[in-house]
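Understanding the architecture of this molecule
As a plain string of letters, each chain reads:
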Amino acid sequence: MQKIIIVGAGPAGLLLAHYLLSRGNYQVEIYERRPDPRSVEQSTQRIFPLALQTRGMQAIRGIPKLEEALTKEGIWAQGVFIHRKKGEPRKVKRKNPSLVIDRNRLTLILLQELLDSYDSNLVRVKFDCNCVGVNQADQTLTIQSAEENFLVSFENLVAADGSRSQVREVLASQGNLHCQQEFIPDVYKSLFVSRVSPDKTIEFGGNVLHTWTIARGIRLVMVPQPDNCLHGTFIFPPDKNPLENLTTGEAILDYFAEKIPSLRPLMTLEDAEAFRQRPVSKILTVKCDRLNVGGQILLIGDAAHAVSPSIGQGCNASLQDAMIFAQVLDQYQDDWEKALPAFTSQRLEDVHALRDLSDYTVPRSKWMILEMIFHLTLGKRLRPWFPQIFRPLPMELIMEEATPYSEVLKQSQKWISRVRNSMTS
Ligand SMILES: Cc1cc2nc3c(=O)[nH]c(=O)nc-3n(C[C@H](O)[C@H](O)[C@H](O)COP(=O)(O)OP(=O)(O)OC[C@H]3O[C@@H](n4cnc5c(N)ncnc54)[C@H](O)[C@@H]3O)c2cc1C
């Protein structure tokens, strides 16, 4: 039995635990900073929905019963409605539906399935355990719990502790890997409303995503949930907070009545007040020059490659890491000394390509946004007759296929360069 220590019980760490345990020759111990989600009420402060497409779902399907369990708690979205201030929304249909699920529900199901499938001799998840130090020479972690600080020895360690990874911080500070970290130029606030207005006269589609562009850099994405709610993120530049001077729930309602009139009837004063009080969250991106340190330490998920959520791929790629690492273990008969550097060789180009795609697929300039909408709607229908003019945009290649990110980037260089130039000019 090979014992693996994982820091972080998010989507990446939990799915990797499933893959390792399914091999039959592993024991897994996970340390998670947050409390056990089975025993605490989930806060609505920082929860947000995720959309999983082909890549993430392929990784989920590698573990029996997971897709079935997730489908019960999510919604299959068939496309996107791009809402306008007046008139009918533009409809963008997707060839393959996305599974939309709240991040915390996803992790709760991954956790429950893990604990239901394996004996406690094989898997232990320790909550309220914050990793505060890594000593590579001694091969120990320092864990801080409510009662004490203690050491955990490891032979093999996986950093799956998200974009602000403590394990990565320590490794980078010791020069074991190089890593760039940047906040994206947007911040967000979570919004929750019912999908049906209180008087039942207005109902939003329950199997599509809904988006609005309110002004340059200010957007809203709302996602249906199984409980007949819409969960969403209101995104804006930190120096242009449109809500800054709105000090009451009524002022928020007036703002929505003016800027997003179609959504206003769904919003109660309570929703507006809760939205006003929620914190503004920042998103950190991470680019590392490798995904392993020797044959001992592996970095996966946001700890290794956090990206902007603009194209919704961070979790898809994090789940894919777990599946791809299991394939690498197959190739190297579970020899971590060989498998870890091989994982970096196979995966790094794709996760770096994902970074460019996340930064430069969605334009910010008004004209390019209109061009993108035109391509995704009318252009798509004209494509059979004019394939050279209406080539698929990176968004379509990302959403509808499982083509490696590096291949999508190669095929989309022209669009990506134009968006990059429009942002720097
Ligand atoms: C607003 C928003 C919308 C998004 N939408 C999408 C989408 O539609 N599709 C998509 O694919 N992706 C989306 N993403 C990205 C997605 O949320 C992440 O890529 C994904 O959650 C990464 O999973 P992870 O397990 O690597 O990290 P995380 O989800 O961050 O999990 C890391 C875990 O490690 C724990 N941890 C952290 N530090 C420590 C420590 N020191 N000790 C112990 N435990 C620790 C944390 O508590 C956490 O549970 C979105 C992100 C945001 C912010």
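Values in this document were obtained by computation on a predicted structure and should not be read as measured data.

1. As for the overall build of the protein chain
In terms of regular secondary structure, the protein chain is built from 14 helices and 17 strands. Since a compact globule built from 425 residues should have a radius of gyration of about 22 Å, the 22 Å found for the protein chain is in line with a globular shape. Dimensions of the protein chain, computed from the C-alpha atoms along their principal axes, are close to 65 × 50 × 40 Å. Counting across all 425 residues of the protein chain, residues that qualify as buried make up 53%. Intrachain contacts of the protein chain at a sequence separation of at least 6 include 68% that bridge at least 24 residues. Within the structure as shown, the protein chain displays about 19,300 Å² of accessible surface, and the carbon and sulfur contribution to it stands at 49%. Between the centroid of the 50 positive side chains of the protein chain and the centroid of its 48 negative side chains there is a distance of 9 Å.

2. Digging into the sheet that holds strand 4 (residues 75–83)
With mixed pairing, 8 strands are arranged side by side in an open sheet as 3-5-4-12-13-14-11-15. What marks the edges here is a single partner per strand, and that holds for strand 3 (49–52) and strand 15 (281–288). Pairs of neighbouring strands in the sheet enclose a mean axial angle of 35°, with direction left out of account. As defined by bridge partners, strand 3 adjoins strand 5 (residues 90–102) across 4 bridges and the pair is classed as antiparallel. Counted as the bridge partner of L50 is I101 from strand 5. Contacts from helix 4 (residues 103–117) reach strand 3 and strand 5, with the element oriented near 50° to strand 5. Here helix 7 (residues 269–277) sits on the sheet in contact with strand 11 (179–194) and strand 14 (229–236), set at roughly 165° to strand 11.

Rules used in this analysis
- Residues numbered from 1 in each chain as written.
- Predicted model: local features only at pLDDT ≥ 70, side-chain atom pairs only at ≥ 80, totals over all residues.
- Heavy atoms only, no water.
- Helix = DSSP H or I, 4+ residues; strand = E, 2+ residues; numbered from the N terminus.
- Rg over C-alpha atoms; globule rule 2.2 N^0.38 Å.
- Buried < 20%, exposed > 50% of the residue type's maximum accessible area, 1.4 Å probe, protein only.
- Contact = heavy atoms within 4.5 Å.
- Areas by Shrake-Rupley, 256 points an atom, 1.4 Å probe, with all protein chains shown as cover.
- Lys, Arg positive; Asp, Glu negative; His and termini not counted.
- Charge placed at Lys NZ, Arg CZ, Asp CG, Glu CD.
- Pairing = 2+ DSSP bridges.
- Axes fitted to C-alpha atoms, helices over the stretch in contact; angles between N-to-C directions.

Limitation: the analysis is restricted to geometry and does not speak to function.
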